[in-house]
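Each chain is listed here by its residues.
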Amino acid sequence: MTTLTGTLQQGSAYLAIWPKERQLAALFPEYRITTATRLALRTIPALMVLSILVQFQLGDPRYWSSVVSSVLFLASLPLQGLFWLGKRAATPLPAALVTWYQQINQKMSEAGVLVSEPVSRPRYFDLGEALNQAFKQLDKSFIRDL
């Protein structure tokens, strides 16, 4: 059993390796989740600071509890994305995607790309690594051929 921090770290690693290719949006929810999580990681800290500064400017202590709760909610948004990605990264691939994963590795090997040995029981993280490497090393049309 993994810990919360381990899941968040795995989600962060998965966020870093998942390719930013629109072609994958129709096939996997990762494209939408990674885009939203990246946006949240960039913008939420500024929104949190802005919420706190506005409250201090207004100076009414009656509303501090609502500011604290809104700041905590804002802080949870990128964490929710990282948590989902961490759980997804550790999920084993279904049989149809295992075949696809193997085809991607085979296509890269045939193209002369140095690839690591394919995993016998791949997870979504392994698929993300393979896709990332394939989009960097192969022609982007490889996905249509699979």
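Rules used in this analysis
Residues numbered from 1 in each chain as written. Predicted model: local features only at pLDDT ≥ 70, side-chain atom pairs only at ≥ 80, totals over all residues. Heavy atoms only, no water. Helix = DSSP H or I, 4+ residues; strand = E, 2+ residues; numbered from the N terminus. Buried < 20%, exposed > 50% of the residue type's maximum accessible area, 1.4 Å probe, protein only. Contact = heavy atoms within 4.5 Å. pLDDT = per-residue confidence, 0-100. Phe/Tyr/Trp six-rings, centres within 6.5 Å; stacked < 30°, edge-to-face > 60°. Lys NZ or Arg CZ within 6 Å of the ring centre and 35° of its normal. Axes fitted to C-alpha atoms, helices over the stretch in contact; angles between N-to-C directions. Left-handed = near helix turned anticlockwise from the far one by under 90°.

Caption draft 1: Summary view of the side chain of Asp126. Relative to the elements of secondary structure, Asp126 occurs in helix 5 (residues 124-137). Its relative accessible area of 10% is what places Asp126 among the buried residues. The contacts of Asp126, once residues within four sequence positions are left out, are Tyr101, Val119 and Arg121.

Caption draft 2: How the structure looks around the confidence of the model for the protein chain. Averaged over every residue, the pLDDT of the protein chain is 88; residues scoring 70 or more account for 95%. The lowest-confidence element of the protein chain is helix 6 (residues 142-145), averaging 67 in pLDDT; the highest-confidence one is helix 1 (residues 4-17), averaging 96.

Caption draft 3: Broad picture of the environment of Phe28. Looking at where Phe28 falls in the secondary structure, it is placed in the loop between helix 1 and helix 2 (30-58). If sequence neighbours within four positions are ignored, Phe28 has contacts with Trp18, Arg88, Leu97, Trp100, Tyr124, Leu127 and Leu131.

Caption draft 4: Seen up close, the packing of aromatic side chains. All told, the structure shown has four aromatic pairs when counted by the stated rule. Geometrically, the ring pair formed by Phe28 and Trp100 is tilted, given 5.9 Å between the ring centres and 35° between the ring planes. With Phe28 in the loop between helix 1 and helix 2 and Trp100 in helix 4 (residues 95-110), the pair connects residues that are 72 residues apart, well separated along the chain. The exposure class of Phe28 is buried, given its relative accessible area of 4%. Among the aromatic residues, ring-to-ring pairing joins Tyr14, Trp18, Phe28, Trp100 and Phe125 into one connected group. The ring of Tyr124 carries Arg88 above its face, with NZ or CZ at 3.9 Å from the centroid.

Caption draft 5: Expanded view of the packing of helix 4 against helix 5. One can describe the packing of helix 4 onto helix 5 by two numbers: an axis separation of 10 Å at closest approach and a directional angle of 30°. As for the relative orientation of helix 4 and helix 5, their crossing is left-handed in sense. Residues Leu97, Trp100, Tyr101, Ile104, Asn105 and Met108 of helix 4 form the contact with helix 5, whose own contacting residues are Tyr124, Asp126, Leu127, Ala130, Leu131, Gln133 and Ala134.

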